[in-house]
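One letter stands for each residue in the lines below.
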Amino acid sequence: MKALAAILMCLAFASVASAECRTTPGGRKVCDTGDDAATYNPRTGNAATAETNKNGVTETHTSRGGQAKTKNGRGVYKAPNGTTCVKGKRNQGCQ
């Protein structure tokens, strides 16, 4: 769930091509343009990018292989080890 929380935090930022970049107090480098997002955490060496499609679904990919698709506070996260976590209207959990 920590990985899911980290990826969802990345979604709060927006990002990459011809972007303004800044460093957060936590040491993360964040760049944004509005439709895409990118962030890098120097402590863990993990980078993440997020892109919102025309349907409003945000797809996030990490440099370690994690993937998430989210919309309206609901989503699916697939960890590099094969674990899938889901957060829906009435359920949440991993298997």
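Since we're looking at a predicted model, the values are computed, not measured.

The rules we used
Residues numbered from 1 in each chain as written. Predicted model: local features only at pLDDT ≥ 70, side-chain atom pairs only at ≥ 80, totals over all residues. Heavy atoms only, no water. Helix = DSSP H or I, 4+ residues; strand = E, 2+ residues; numbered from the N terminus. Buried < 20%, exposed > 50% of the residue type's maximum accessible area, 1.4 Å probe, protein only. Contact = heavy atoms within 4.5 Å. Disulfide = S-S within 2.5 Å. Polar contact = N/O pair within 3.5 Å; in protein donor to acceptor, adjacent residues only side chain to side chain. Pairing = 2+ DSSP bridges. pLDDT = per-residue confidence, 0-100.

This paragraph deals with the overall build of the chain. For the chain, the helix and strand inventory stands at 1 helix and 9 strands. Taken across its 95 residues, the chain has 25% of its residues classed as buried. In the chain, the proportion of contacts linking residues at least 24 apart, taken out of those at least 6 apart, comes to 11%.

In this section: the state of the cysteines. On inspection of all chains with the given rule, the structure shows 1 disulfide. Here Cys-85 pairs with Cys-94 through a disulfide, and the sulfurs are 2.0 Å apart. The sign of the 105° torsion about the S-S bond sets the Cys-85-Cys-94 disulfide as right-handed.

A separate point is the side chain of Thr-62. Turning to its location among the elements, Thr-62 is positioned in strand S5 (residues 58-62). Looking at Thr-62, its side chain comes within polar contact range of the main-chain nitrogen of Gly-66, at 2.8 Å.

Another aspect to go through is unusual backbone geometry. In the Ramachandran plot, Asn-72 falls in the positive-phi region, its phi being about 55° despite a non-glycine side chain. Relative to the assigned elements, Asn-72 resides in the loop between strand S6 (67-71) and strand S7 (74-78). Residue Asn-72 is classed as exposed on the basis of its relative accessible area of 70%.

Moving on, we come to the environment of Gly-88. Within the secondary structure layout, Gly-88 lies in the loop between strand S8 (84-87) and strand S9 (92-94). Accessibility expressed as a relative area gives 19% for Gly-88, which makes it buried.

On to the pairing of strand S3 (residues 36-41), then. In the sheet, S3 pairs with strand S4 (residues 46-52) via 6 bridges, with the strands oriented antiparallel. Bridge pairing in S4 places Thr-39 opposite Ala-48. The turn joining S3 and S4, which pair antiparallel and follow one another in sequence, is formed by 4 residues; a positive phi near 75° is taken by Gly-45.

Let us look at the confidence of the model for the chain. Model confidence for the chain is summarised by a mean pLDDT of 79, while 76% of its residues fall at 70 or above. Under a pLDDT of 50 for its full length, residues 11-17 has, in the predicted model, 27 contacts with residues more than four places off or in other chains.

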